[in-house]
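A look at the structure
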Amino acid sequence: MKKIKKLPRKIPAIPEVPRTPETEDSGPKRKRSPEDIGGRDTFNQDEAQLASYAVKCFESNSRFFVAGIYVQHWTMILWYYDRMGAARTVSFQFSVEDAQTLGLVLVAFNRSDAPRSGYSSFLHATDHQDPGNLLCSTTNQRFSTAPSKPLSELLLVSNKLPPKGRKGSVLRFPCSLVDDEGNEMTGFRAFVIEAILFSYPGLIGRGTEAYLVYELLVSKPKILQQLVAKLAWCSVHRPPESKTIRKLLENAPEISRHLPDVAFACVYDSSKHLRLPRYKMLSCDEWVDQKISGVDFEKRDLVVIVMKRYQPLWSAKNLEEFKKVFVDLVECHHRAYKNGGYLHRDISETNLMIDRDGDDAVVGVLCDWDLSSAVDDDGVVTSSNATHRTGTYPFLATDLLAEKPPVHLYRHDLESFFYILIWAGLHYSFDGEAAKYHVHDEVKIWMDAQRHVDARKDKESLFLGSKKNPKYMFGHFHPDFKPLVKQWVRPLWKLFHRAFKKADNREHLDDSDASADSDSSYESGDASDDFNITLGGILTFENFMEAIGERPRQWDMSNHTRT
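Residues numbered from 1 in each chain as written. Predicted model: local features only at pLDDT ≥ 70, side-chain atom pairs only at ≥ 80, totals over all residues. Heavy atoms only, no water.

Considerations on the pairing of strand β17 (residues 352-356)
In terms of burial, β17 is largely enclosed, as 5 of its 5 residues are buried. Of the two faces of β17, both are covered, the one formed by Leu-352, Ile-354 and Arg-356 as well as the one formed by Met-353 and Asp-355. Sheet topology note: the strand β15 (residues 311-312)/β17 ladder contains 2 bridges and is antiparallel. In the strand pairing of β17, Gln-311 is matched with Ile-354. Across 5 bridges, the pairing between β17 and strand β18 (residues 362-366) is antiparallel. Paired with Met-353 across the two strands is Val-365, which belongs to β18. Linking two consecutive strands that pair antiparallel, namely β17 and β18, is a turn of 5 residues; a positive phi of about 70° is found at Asp-360 within it. (Buried < 20%, exposed > 50% of the residue type's maximum accessible area, 1.4 Å probe, protein only. Helix = DSSP H or I, 4+ residues; strand = E, 2+ residues; numbered from the N terminus. Pairing = 2+ DSSP bridges.)

Quick notes on the sheet that holds β17
With antiparallel pairing, the 3 strands of this open sheet are ordered in space as β15-β17-β18. Only two strands of the sheet have a single partner each, and these edge strands are β15 and β18. Together, β17 and β18 form the strand contacts of helix α6 (residues 319-340), whose direction differs from that of β18 by roughly 40°. (Contact = heavy atoms within 4.5 Å. Axes fitted to C-alpha atoms, helices over the stretch in contact; angles between N-to-C directions.)

Comments concerning a nonpolar patch on the surface
A contiguous nonpolar patch, built from Ile-69, Val-71, Trp-74, Phe-94 and Phe-109 and spanning about 490 Å² of accessible area, is present on the exposed surface. Within the fold, Phe-94 resides in the loop between β5 (92-93) and α2 (99-111). (Patch = residues over 30% accessible without salt bridge, like charges linked within 9 Å, V, L, I, M, F, W, Y side chains within 5 Å. Areas by Shrake-Rupley, 256 points an atom, 1.4 Å probe, with all protein chains shown as cover. Salt bridge = Lys/Arg side-chain N within 4 Å of Asp/Glu carboxyl O.)

Describing the packing of helix α7 (residues 410-427) against helix α8 (residues 452-464)
At a minimum axis distance of 13 Å, the contact between α7 and α8 shows a crossing angle of 85°. The orientation of α7 with respect to α8, classified from their angle, is roughly perpendicular. For the pair formed by α7 and α8, the contact residues are Glu-415, Phe-418, Tyr-419 and Ile-422 on the first element and Lys-459, Leu-462 and Phe-463 on the second. (Parallel < 35°, antiparallel > 145°, perpendicular 65-115°, else oblique.)

Some remarks on the pairing of strand β14 (residues 300-308)
Here β14 lies mainly inside the structure; 8 of its 9 residues are buried. In the sheet, strand β11 (residues 262-268) pairs with β14 via 6 bridges, with the strands oriented antiparallel. Bridge pairing in β14 links Tyr-268 to Leu-302.

Regarding the nonpolar core
Counting residues in hydrophobic clusters, the biggest one holds 74 residues, and the most contacted among them are Phe-322, Phe-418, Ile-422, Phe-474 and Phe-544. Apart from residues no more than four positions distant in its own chain, Ile-422 is found in contact with Val-443, Trp-446, Leu-462, Met-473, Phe-474 and Phe-477. Judged by nonpolar contacts, the second largest core, of 32 residues, contains Phe-65, Ala-146, Val-213 and Ala-229. (Core = buried A, V, L, I, M, F, W, Y, C linked by side-chain atoms within 4.5 Å.)

Some details on the pattern of salt bridges
For the structure shown, the criterion picks out 24 salt bridges. With a closest N to O distance of 3.4 Å, Arg-300 and Glu-298 form a salt bridge. A single burial state applies to Arg-300 and to Glu-298, both of which are buried. With its nearest N and O atoms 2.9 Å apart, the salt bridge here joins Glu-321 to Arg-356. Highlighted residues: Glu-321 in helix α6 and Arg-356 in strand β17, separated in sequence by 35 residues. Glu-321 sits in the buried class, given a relative accessible area of 12%. Taken together, the salt bridges that share partners define one network made up of Arg-206, Lys-230, Glu-241, Asp-368 and Asp-370.

Have a look at this one:
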């Protein structure tokens, strides 16, 4: 497919949605030539520009989908965009023979209210003098399920325009409840948006939105606790984050203090509950059967999770606080892997958080478990049908930057923790200014997803010393983090250097069939190869903790605290 530079993200060409007997009018149809603009399988520059407008629509408000019209001379095509992809109709013309189609389009756009125009049916403007009128329930249920009915039957549909802005608006989520007599009923949870924390800048994918919110309750209309609401279109092949957290609380309750405190969570099916227009074009199964430019269709549902607000890792007030939180996170991560049965797989600075007790004591909290994977009894990640590279680019392990990433292993997350230390040393300080940093030149290449091969070579060079001098990199650490070089960073670098050197030597052994076989298993990331799992027993939790001079703690199982 021809690449278009102005496109904010690569978008595969989508086959046309064919006319069906229900949409065909009874009149004669003109023959469309192969040159018809609706019959091509590539974008032209104007169509790419239309896609960029769709991105702006998603960014400017909370949207489920965006519809667009592409006009060229006397020809028109309707475009549809959601987080699963794009679709277009066959072209039609401003002519007598297509007059019925043109009339239907004009009437449909004219009569569409905000939800039918793609705006989130969960987002409401609010009367600040009476916010309680948005509620039907005073429930505090944490983990919930969506109602059995389509949301269009539960939410008010009006011709009012959507809220002018998200700040100050209310997110109102319907959920299925059970009353005291065991009867199922529909209730709502409502949250006032105080600030927008994050809005996904692309078109296709998770489309994550994160907000700083307060909950509204009829019984306590002036609540109180600051929360964070995250909405994301997650692959149905991955369990929702709330389900993973529940499993971790069941399997390893001792780490509950280091897991997100969930206030509300629910999953809304994009076909059953939200009834996105794409499912009126083709059924879900038909979409799955489609091959779009060689890429499999991936169904996504809207996953909502609301949790306690935590402070970012860079907000640590001094080095001792930073070290305390970091050790908490490494140990919680390991305990979740060994006892909880899940490998996090997305260790990044935005997922490592700080919570403060009443006496201002700090505790590390490991967030964002939506990319985690269950592991079997041997600690090997179970297979996943997800089609994307997992992790955050600056912190991805070298193996995972390969063209064909191997199975994600525990040692890959340990490597990500090491990159967190480098990132902190280059960017953080204890004067509260870390949030304003610019990416340091030493790690700028790690940020570019399009140059992942170069980033892999750069990271390998850091450990194998062919081009990148670690002493030079560590010399750029902020003065506040200089002591960490001797205490943690250099010992950990030696640990990874030894592991990478051993793997590199093994890779180049070619004097026997056995060595050739071992080389193959390492390159493919074979999770059944004992050497590959820990690179010869080097990259383990115990060795990592020993390198930073910390003794693994013993967890107190009686009261779910650590000693």
